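Residue-level listing of the chains:
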Amino acid sequence: MSVADYLLLTAGMGVVTYLPRLLPLVAFSRRQLPAWFVEWLELVPPAILSALIAPTLFAQASPRVFVLGKADLLAALPTLAFALKTRSLAGTVVVGMLCYWGLHYLR
Amino acid sequence: MAQTFDYVKAGLKAAWPICLGYFPIGLSLGVLAQKGGLFPWQVGLMSLLVFAGGSQFIAVAMLGSGASIPAVVTTAFMVNLRHLLMSSALAVHFPGVSRRFLALFAYGVTDESFAVNMVRFNQGGWDRRSALTLNQAGNLTWFVSTVAGVYVGEFIPAGALGIDYALTGMFICLLVFQLRGPVFVATALVAAFCSVVAFLWLPGNAYVIVASCVAATAGFILKRALRHGRGKP
């Protein structure tokens, strides 16, 4: 791939990844949103977080199949318990890493 | 001025789990890119202009298999559409903020910065300058680690210290912070279920958008139903 082609590629990727990040912020920060929409948006963060994590814990990536008992899931149990008990972000990250590391070491 | 400095410091302090998590991912992207024949400047340029892990991994793989520019750009667009949802949810916390600030902030909206900023905003007292700092700290780490990966990635043992789990651990804790009542818990459970099902049946990462929208709507209906139920004698 030539330098010009590569510049074109990254510029194109830059535009299409930037616009979805920018447009809703600009559009929705300057007007009064309907109450139902705000209520719906409030539920979006827990939904997105859960949707991002779940396949990592319960599925394998290639090929995509359901798996129960991945190291990711096993490490998630003490990590979740720790997060619920302490509500410490730093502690949870460290506990998660150690559990995951330990599990790989055991196998 | 001193106050701005404090906000920047708070942003950096909140950014460390993100930076820790980005490092191994950035390094591995650098390694793959180098194997795919990209130069350090090409990797660095893409990290600066695109700043989207998933899209960049896919782009490197697609370039390796000789895909056309429109094909790669279209895929990047699809992969990053989920940021529409995140940016919409964030907008509530930036009422009447200048377009210039939003343009700078939007550049750093990622799954990770969204999750941390959203929790901080909900807890209260989170200044938008701290949020911007956090976004840019993530971006800097991403840039440095992807370029470093081209040079040194091969010498780092895989799975060292369980660092691959840093982002999962962070997401788990941030999810816990988001569970502010039964409706939120129900929403998260629906999202987890839908996400796994959609992950198995839909191509790419459409599962994030589909599962989030379905779950937020289900949670919304549940909330309305509960309120309605209580309103009756």
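These numbers come from a predicted model, not from an experiment.

Draft legend 1. Broad picture of the overall build of chain B. Helix and strand counts for chain B come out as 11 helices and 0 strands. Walking chain B from its N terminus toward its C terminus, one meets helices and strands in the order α-α-α-α-α-α-α-α-α-α-α. Computed over the C-alpha atoms, the radius of gyration of chain B is 19 Å, within 12% of the 17 Å expected from 2.2 N^0.38 for a compact globule of 233 residues. Dimensions of chain B along its principal axes, counting C-alpha atoms only, are 70 × 50 × 40 Å. Across the 233 residues of chain B, 51% fall into the buried class. Across chain B, contacts joining residues at least 24 apart in sequence account for 80% of those joining residues at least 6 apart. Of the roughly 10400 Å² of accessible surface on chain B, a fraction of 71% belongs to carbon and sulfur atoms. The averaged location of the 6 negative side-chain charges in chain B is 17 Å from the averaged location of its 15 positive side-chain charges.

Draft legend 2. Up close: unusual backbone geometry. Residue and element names in this part refer to chain A. For the bond running from serine 62 to proline 63, omega is 0°, close enough to zero to count as cis. Relative to the elements of secondary structure, proline 63 occurs in the loop between strand 1 (59-60) and strand 2 (65-66). The phi dihedral of arginine 87 falls on the positive side, at around 55°, and the residue is not glycine. Tracing the backbone shows arginine 87 in the loop between helix 4 (71-86) and helix 5 (89-106). The exposure class assigned to arginine 87 is partly exposed, which follows from its relative accessible area of 44%.

Draft legend 3. Structural view of the side chain of Ser88(B). With respect to the helices and strands, Ser88(B) occurs in helix 5 (residues 82-91). Reaching out from Ser88(B), the side chain makes a polar contact with the backbone oxygen of Leu84(B) at a distance of 2.6 Å. In contact with Ser88(B), not counting residues within four places along its chain, are Pro24(A), Phe28(A) and Leu41(A).

Draft legend 4. Quick peek at a nonpolar patch on the surface. All names here are of chain B. A cluster of nonpolar side chains, Phe193, Val197, Trp201, Leu202, Val210 and Val214, forms an exposed patch at the surface whose accessible area comes to about 600 Å². Broken down by secondary-structure element, the contributors of at least two residues to the nonpolar patch are helix 10 (182-201) and helix 11 (206-231). Here tryptophan 201 lies in helix 10.

Draft legend 5. Layout of the interface of chain A and chain B. In this assembly, 68 residues from chain A lie in contact with 96 residues from chain B. Around 7200 Å² of area is buried between chain A and chain B when both sides are counted, 77% of it from carbon and sulfur atoms. Of all residues in chain A, Tyr6(A), Arg21(A) and Arg64(A) give up the largest surface area on contact with chain B, accounting jointly for 11% of the area buried on that side. One salt bridge in this structure joins Glu39(A) and Arg224(B), with 3.5 Å as the shortest N-O distance. Remark: the boundary between chain A and chain B carries 20 residue pairs in polar contact (both at pLDDT 80 or more). Mapped onto the side of chain A that touches chain B, the elements with two or more residues apiece are helix 1 (3-29), helix 2 (35-42), helix 3 (44-58), strand 1, strand 2, helix 4 and helix 5 of chain A. With 22 residues, the single largest contributor to the side of chain A that touches chain B is helix 1 of chain A. Taken together, the residues that form the side of chain A that touches chain B break down as 48 nonpolar, 12 polar and 8 charged.

How each quantity is defined
Residues numbered from 1 in each chain as written. Chains lettered and ligands numbered in written order. Predicted model: local features only at pLDDT ≥ 70, side-chain atom pairs only at ≥ 80, totals over all residues. Heavy atoms only, no water. Helix = DSSP H or I, 4+ residues; strand = E, 2+ residues; numbered from the N terminus. Rg over C-alpha atoms; globule rule 2.2 N^0.38 Å. Buried < 20%, exposed > 50% of the residue type's maximum accessible area, 1.4 Å probe, protein only. Contact = heavy atoms within 4.5 Å. Areas by Shrake-Rupley, 256 points an atom, 1.4 Å probe, with all protein chains shown as cover. Lys, Arg positive; Asp, Glu negative; His and termini not counted. Charge placed at Lys NZ, Arg CZ, Asp CG, Glu CD. Polar contact = N/O pair within 3.5 Å; in protein donor to acceptor, adjacent residues only side chain to side chain. Patch = residues over 30% accessible without salt bridge, like charges linked within 9 Å, V, L, I, M, F, W, Y side chains within 5 Å. Salt bridge = Lys/Arg side-chain N within 4 Å of Asp/Glu carboxyl O. Buried area = accessible area lost by both parts, 1.4 Å probe. Nonpolar A, V, L, I, M, F, W, Y, C, P; charged D, E, K, R; others polar.

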